[in-house]
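Here is how the chains run, residue by residue.
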Amino acid sequence: MTAPHTFALVDCNNFYVSCERLFRPDLRQRPVIVLSNNDGCVVSRSAEAKALGIGMAVPAYQIRHIIERENVVVFSSNYTLYADISSRVMATLESFADAMEIYSIDEAFLDFSSMGAGARGEAFARHIQQTVARHTGIQVSIGIAPTKTLAKLANLAAKKYPATGGVVDLRDPERQHKLLKLVAASDVWNVGRRTSRKLEVTGIETAWQLACADPVQMRKRFSITVSRAVHELNGVSCYELTDVRATRRQVLCSRSFGSPVTNLESLELAVSEYASRAAEKLREEGLLAGVVSVFVRTNQHNSHVPQYSNSATGELLHPTADTRHILERSLALLRAIWKDRYQYVKAGVWLAELQPQASYQHGLFEDAEARSRSQSLMAALDHINRRGEHIWFAAKGAGMDRHMRREHVSPASTTRWADIPKAQAK
DNA sequence: TCTGGGGTCCTAGGACCC
DNA sequence: TCTGGGGTCCTAGGACCC
């Protein structure tokens, strides 16, 4: 018999808001929110903002009255800052377990399985909490359990009930049952809005009822995902720790426009930008792409406007990370799906069939010399762009970012010299 | 007027093969 | 005229996550 798993899910509290507050301690008791790109939706809220009834993912314009009446502090998202703080948090967490999976910018699963019983309980979790806070200023919540799904729920409880001090150890079955009866089925990991509505029809409303369901029946009536959720709620682990970076399947770069775009030239400009950025991401991770897709769409939220949405996919001649090849193919694909007389609000570029550059065997008819020249050119390009003196290929222009709304952005406090706060000398 | 961006996994159905 | 069955692979789209 194999030893039972122990997973810890560590999740940063109100992550983006917490990052902003690091440099604005004056905002500690104030309601603060962070908006998505284009200042579109709410993506992070302080406890005070949640208390005002501001929901997650709510469009900003719908809560304008609350913002004004309650004097809510609003930030545009500053991903450079958040990524930087995130990597500091993750570096700290890494030292506490043999294996770790970075699940998102503000969450990581730690594997406590191989650690001694004493070194994986509540006291150890509090030690992790304190260390992260001391190193980064960020508060985290920690849920401990025998499956990832239960660890997620433990984390939810740690956030929901202040008396826990942000740590819940859910290894004890009695405690599991108690919690499952308190939370809704829709709070379970991988049970989204769609599935929870269907579950309700069959009389399943709480996590406990879901846990009591027959996994074989759930597999038949719903999906393998729901059946796994049932197993995991019963302490049977279906999801192992995975190395996300090593298995990455796609690279996507897309953006909504600040205002609708009607002419091909503007779309070409946007797609060029996204293709360039996607190619850069490929190179950052040492990958090559075999396939590229381009998509465009009109505003699906506005029913008064003619709707059009389309995508096109094409193979690259050889697997490549060369901006020029990806750009050329992307623009050809865009022209194939572009139609006149529509108001476009979004476009994007996908790269797929990725493989590590290191293991790539080039084809018989491929020009090895050209490939080596391409790599040198791309390396030079990346070097210059990292210095902040952006250069680009002719098609790219000065970029669509000019059109993006970003009215409340904070300074790049930790990544740009000029923006680093200065200590006052007395 | 104003509704994000970047991912993964699963499924159904079609093409194709023997 | 009658017109199988089983398998694999691929793709588009859906559901979900943060």
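Small disclaimer: the values here were computed from a predicted structure and weren't measured.

Draft legend 1. Up close: the overall build of chain A. Looking only at helices and strands, one finds 14 helices and 13 strands in chain A. Taking 22 Å as the expected radius of gyration for a compact globule of 426 residues, we find that chain A reaches 24 Å, a close match to that expectation. Once the C-alpha set of chain A is aligned to its principal axes, its extents read approximately 65 × 60 × 50 Å. Out of the 426 residues belonging to chain A, those deemed buried represent 45%. Of the roughly 22800 Å² that chain A leaves accessible, carbon and sulfur atoms contribute 51%. Averaging the positions of the 53 positive and the 44 negative side-chain charges in chain A gives two centres separated by 4 Å.

Draft legend 2. Looking closely at the domain arrangement of chain A. Taken as a whole, chain A is organised into domain 1 (10-168), domain 2 (183-246) and domain 3 (251-396). Taken together, the contacts link 15 residues of domain 1 with 14 residues of domain 2. The contact between domain 1 and domain 2 buries some 1300 Å² in all, and 70% of this surface belongs to carbon and sulfur atoms. Three residues, K148, T149 and L153, lead the burial of domain 1 against domain 2; their summed loss comes to 39% of the area buried on that side. Counting every contact that joins domain 1 to domain 2 gives zero salt bridges.

Draft legend 3. Highlighting unusual backbone geometry. Although it is not a glycine, N190 adopts a positive phi angle of roughly 75 degrees. Exposure remark for N190: the relative accessible area of 41% places this residue in the partly exposed category. Phi is positive for R341, which is not a glycine, with a value near 70 degrees. Position of R341 among the secondary structure elements: in the loop between α13 (323-337) and β12 (344-352). Residue classification places R341 among the exposed positions, given a relative accessible area of 72%.

Draft legend 4. Structural view of the sheet that holds strand β2 (residues 32-35). The mixed open sheet is built from three strands, whose spatial order is β3-β2-β4. For this open sheet the edge positions go to β3 (42-45) and β4 (73-76), each flanked by a neighbour on one side alone. Looking at each pair of strands side by side, their axes are set apart by 25 degrees on average, direction ignored. Taken together, the four bridges between β2 and β4 define a ladder with parallel strand orientation. Counterpart to V32 in the pairing with β4 is V73. Each of β2, β3 and β4 touches helix α1 (residues 15-22); the most contacted strand, β2, lies at about 115 degrees to it.

Draft legend 5. Summary view of the nonpolar core. Counting 36 residues, the largest nonpolar core has F257, L267, L282, V296, V349 and L351 as its most contacted members. Broken down by element, the residue count for this core peaks at nine residues, all from helix α12 (residues 264-284). Core analysis: the next-biggest nonpolar cluster, separate from the first, contains 33 residues, F15, L27, I85 and A125 among them.

Draft legend 6. Fine view of the protein's contact with DNA strand B. Taken together, 20 residues lie near DNA strand B, and S36, R228, L252, S254 and S256 sit nearest. Counting only the atoms of DNA strand B that lie within 4 Å of the protein, the sugar and phosphate share comes to 70%. One of the side-chain N or O atoms of R228 is found 2.5 Å from a phosphate oxygen in DNA strand B. One of the backbone nitrogen or oxygen atoms of S254 is found 2.6 Å away from a phosphate oxygen of DNA strand B. Those elements giving two or more residues to the surface near DNA strand B turn out to be α11 (224-233) and β9 (251-261).

Draft legend 7. How the structure looks around the environment of A275. By the element assignment, A275 lies in helix α12. Residues A275 and I326, spaced 51 residues apart in sequence, show a C-alpha to C-alpha distance of 6.4 Å. Beyond its immediate sequence surroundings of up to four residues, A275 is in contact with I326, L327, S330 and V349.

Draft legend 8. Just the sheet that holds strand β5 (residues 99-104), in detail. Sheet architecture is open: five strands sit in the order β5-β6-β1-β7-β8, paired in mixed fashion. Whereas interior strands pair on both sides, the edge strands pair on one side only; in this sheet they are β5 and β8 (167-169). Direction aside, neighbouring strands of the sheet carry axes that sit 15 degrees apart on average. With six bridges joining them, strand β1 (residues 7-12) and strand β7 (residues 140-145) adopt antiparallel strand pairing. Bridged to D11 within β7 is S141. Contacts between helix α4 (residues 79-94) and the sheet are confined to β1, β5 and β6 (107-111), with β5 contributing the most and set at about 155 degrees to the helix. Sheet strands touched by helix α5 (residues 122-136): β6, β7 and β8. Its angle to β7, the strand with the most contacts, is close to 155 degrees.

Here is what the cut-offs are and how they apply
- Residues numbered from 1 in each chain as written.
- Chains lettered and ligands numbered in written order.
- Predicted model: local features only at pLDDT ≥ 70, side-chain atom pairs only at ≥ 80, totals over all residues.
- Heavy atoms only, no water.
- Helix = DSSP H or I, 4+ residues; strand = E, 2+ residues; numbered from the N terminus.
- Rg over C-alpha atoms; globule rule 2.2 N^0.38 Å.
- Buried < 20%, exposed > 50% of the residue type's maximum accessible area, 1.4 Å probe, protein only.
- Areas by Shrake-Rupley, 256 points an atom, 1.4 Å probe, with all protein chains shown as cover.
- Lys, Arg positive; Asp, Glu negative; His and termini not counted.
- Charge placed at Lys NZ, Arg CZ, Asp CG, Glu CD.
- Domains from an automatic or database assignment.
- Contact = heavy atoms within 4.5 Å.
- Buried area = accessible area lost by both parts, 1.4 Å probe.
- Salt bridge = Lys/Arg side-chain N within 4 Å of Asp/Glu carboxyl O.
- Pairing = 2+ DSSP bridges.
- Axes fitted to C-alpha atoms, helices over the stretch in contact; angles between N-to-C directions.
- Core = buried A, V, L, I, M, F, W, Y, C linked by side-chain atoms within 4.5 Å.
- Near = heavy atom within 4 Å.
- Polar contact = N/O pair within 3.5 Å; in protein donor to acceptor, adjacent residues only side chain to side chain.

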